[in-house]
Amino acid sequence: MISHADYLSEKDTVPMLISFVVPCYNEEESLPLFYDEACRVANVLRQQSHAEAEFIFVDDGSGDKTLEKLRALHAKDERVHYISFSRNFGKEAGLYAGLKAAKGDYVATLDADLQDPPSLIPEMLQFLLDCVATRRKTRKGEPPIRSFFAKMFYRIINKMSGTEIVDGARDFRFMTRKFVDAVLSLSEYNRFSKGIFSWVGFKTHWISYENIERAAGKTKWNFWSLFKYSIEGIAGFSTVPLALSSFLGVFCCLIAFIGIIVVVVRALLFGDPVAGWPSMISIMLLIGGLQLFCIGIVGEYLSKTYTEVKHRPLYLTKETDGEDRRFTPSANV
Ligand code: UDP
Ligand code: MG
């Protein structure tokens, strides 16, 4: 394998630029810790690979002092750039905005809470592939109920979707410009990055590491937001639920058909005693429930189509570090 140092000596010496893209939502406590660690890694990169770094922070409508912290960082370090959204648009929008703003030859996406250790980046750089992705070896430190549902989700989505969604994969990635441009070419509104990263293809090398606890602050995900996120993933990368609802419909018709034959034959043979009111109600409720469930599935896809065709921007900008052209006011323009 060629290391970057060899590559550079072969190719000459324009320093390459590595962008760190960091979505931040209420991360005032983690930010200083992250910045110190990122600067340390940037020094390592400079020494080992003659690479320069830039830091793109995306403030996702934080209600705490995240934005103030970013302003201060930008004032003291010109490698720091930031964009602040008008409200909370979600991590996926943050990632998109950050990737759009990144000018690096290589781009790393990582969380602000140091759960994605920046110290892995020099190692990732050695691979010279289109993408180096990370996954957790175990879910140690996570509440068991969250792990259980996460495992179920990965099992279900991988059965339903042709796009592989790797269990335990983090959004911590190291990508070439080519890969980033491919990801940006998918400007869909309902973004599920884990799926998009896989869908675009290219060669990806996986690195595993032990789960790391948050450096400071609290997780922004609760059960409901994770549930919505998983539905986003399934609806975004599979249409199997639609086929499943048709299948359920056909299955119920078959059962009903057999039932009708049984009732008719029984009436002909034994007369027609009025009986079975409770079972009738139960069956009606069951069929009604199934119908609503299937309509719900169709509705889910319809709502996704609806939000897609409205072509609303993925995010709106409140403030940037003032650097021209880097940050476009909205995403899909
Ligand atoms: N985040 C964000 N917008 C949100 C929620 C989270 O930009 O609406 C950022 C957050 O600041 C962090 C990263 O996404 O840098 C991952 O969030 P978190 O650590 O809360 O998730 P977890 O690691 O618990 O899955
Ligand atoms: Mg985290």
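Our subject is the structure listed above.
Residues numbered from 1 in each chain as written. Chains lettered and ligands numbered in written order. Predicted model: local features only at pLDDT ≥ 70, side-chain atom pairs only at ≥ 80, totals over all residues. Heavy atoms only, no water.

1. Let's talk about the side chain of Asp77
- Relative to the helices and strands, Asp77 is located in the loop between helix H3 (66-76) and strand E3 (80-85).
- Judged by relative accessible area, which is 8%, Asp77 ranks as buried.
- A polar contact is formed between the side chain of Asp77 and the backbone nitrogen of Arg79, at a distance of 2.9 Å.
- Residues contacting Asp77, with those up to four places away along its chain left out, are Tyr35, Cys39 and Phe55. (Helix = DSSP H or I, 4+ residues; strand = E, 2+ residues; numbered from the N terminus. Buried < 20%, exposed > 50% of the residue type's maximum accessible area, 1.4 Å probe, protein only. Polar contact = N/O pair within 3.5 Å; in protein donor to acceptor, adjacent residues only side chain to side chain. Contact = heavy atoms within 4.5 Å.)

2. A look at the pattern of salt bridges
- Within the structure shown, the criterion is met by 16 salt bridges.
- The partner of Arg214 in a salt bridge is Glu27, with the nearest N and O atoms 3.0 Å apart. With Arg214 in the loop between strand E7 (204-209) and helix H9 (223-237) and Glu27 in the loop between strand E1 (17-24) and helix H2 (30-49), this residue pair connects regions lying 187 residues apart in the sequence.
- For Glu52, the salt bridge identified is with Arg46, shortest N-O distance 3.2 Å.
- Overlapping salt bridges, with partners in common, bring together Lys91, Asp111, Asp116, Arg170, Asp171 and Lys194 in one network. (Salt bridge = Lys/Arg side-chain N within 4 Å of Asp/Glu carboxyl O.)

3. Things to note about the site of ligand 1
- In the region of ligand 1, 18 residues are neighbours, and Glu27, Asp60, Asp113, Gln115 and Thr219 sit closest.
- Arg146 is positioned such that a nitrogen or oxygen atom in its side chain is 3.3 Å from an oxygen atom of ligand 1.
- Residue Thr219 places a side-chain N or O atom 2.6 Å away from an oxygen atom belonging to ligand 1.
- Protein burial of ligand 1: of its 530 Å² of free accessible surface, 91% is covered by the chains.
- Here the residues of the shell around ligand 1 sort into five nonpolar, four polar and nine charged. (Near = heavy atom within 4 Å. Areas by Shrake-Rupley, 256 points an atom, 1.4 Å probe, with all protein chains shown as cover. Nonpolar A, V, L, I, M, F, W, Y, C, P; charged D, E, K, R; others polar.)

4. Points about the coordination of the magnesium ion (ligand 2)
- Looking at the magnesium ion (ligand 2), the protein donor atoms are Asp113 (OD) and Gln115 (OE1), and they sit 1.9 Å from it.
- Exposure remark for Asp113: the relative accessible area of 3% places this residue in the buried category.
- Residue classification places Gln115 among the buried residues on the basis of a relative accessible area of 17%. (Donors = N, O, S within 2.8 Å, 3.2 Å for Na, K, Ca; no water.)

5. Digging into the packing of aromatic side chains
- Tallied over the full model, the rule gives 18 aromatic pairs.
- Ring geometry for Phe34 and Phe57: centres 5.9 Å apart, planes at 85°, overall edge-to-face. Here the residue Phe34 occupies a position in helix H2, and Phe57 occupies one in strand E2 (residues 52-59), the gap between them amounting to 23 residues.
- Judged by centre distance (5.2 Å) and plane angle (70°), the ring pair of Phe149 and Phe223 falls under edge-to-face. In this pair, Phe149 sits in helix H6 (residues 144-160) while Phe223 sits in helix H9, placing the two residues 74 residues apart along the sequence.
- Phe223 gets classed as exposed once you look at its relative accessible area, which sits at 51%.
- Connected via pairs of aromatic rings, a cluster forms that spans Phe153, Tyr154, Phe192, Trp221, Tyr229 and Phe237.
- Taking the ring centre of Phe89 as reference, the NZ or CZ of Arg87 above it sits at 3.8 Å. (Phe/Tyr/Trp six-rings, centres within 6.5 Å; stacked < 30°, edge-to-face > 60°. Lys NZ or Arg CZ within 6 Å of the ring centre and 35° of its normal.)

6. Considering the packing of helix H4 (residues 91-101) against helix H7 (residues 177-184)
- Orientation of H4 relative to H7, taken along the N-to-C sense of each, is 130°, at an axis distance of 10 Å. The angle between H4 and H7 places the two elements in the oblique class. Between H4 and H7 lies a crossing of left-handed hand. Residue-level inspection shows Tyr96, Leu99 and Lys100 of H4 in contact with H7, the latter providing Val180, Val183 and Leu184.
- Taken together, the residues that form the contact of H4 with H7 break down as five nonpolar, no polar and one charged. (Axes fitted to C-alpha atoms, helices over the stretch in contact; angles between N-to-C directions. Parallel < 35°, antiparallel > 145°, perpendicular 65-115°, else oblique. Left-handed = near helix turned anticlockwise from the far one by under 90°.)

7. Observations regarding H6
- Taking 1.5 Å of rise per residue, 17 residues should cover 24 Å, and H6 covers 24 Å from first to last C-alpha, within 8% of that figure.
- Here H6 has its buried residues at Ser147, Ala150, Phe153, Tyr154 and Ile157. For H6, the angular spread of buried residues about the axis comes to 125°, placing them on one side. Facing away from the buried side of H6, by more than 90 degrees, are the exposed residues Pro144, Ile145, Arg155 and Lys159. (Expected span 1.5 Å × (residues − 1). Arc of directions from axis to C-beta.)

8. Observations regarding the side chain of Asp116
- In this structure, Asp116 sits in the loop between strand E4 (106-109) and helix H5 (121-125).
- Classification of Asp116 by relative accessible area gives buried; the value is 0%.
- A polar contact of 2.5 Å, which involves the side chain of Asp116, links it to the side chain of Arg170.
- Apart from the residues within four sequence positions on either side, Asp116 is in contact with Leu110, Asp111, Arg170, Phe172 and Tyr209.

9. A look at the pairing of E2
- Among the eight residues in E2, seven count as buried, and that is most of the element.
- Bridge count between E1 and E2: eight bridges; the pairing is parallel. Looking at the pairing, Val21 lines up with Ile56 of E2.
- Chirality of the crossover, the property in question, places the unit of E1, H2 and E2 among those that are right-handed.
- On the question of chirality, the crossover connecting E2 to the parallel E3 by way of H3 is right-handed. (Pairing = 2+ DSSP bridges. Right-handed = clockwise from strand over helix to strand, strands pointing away.)

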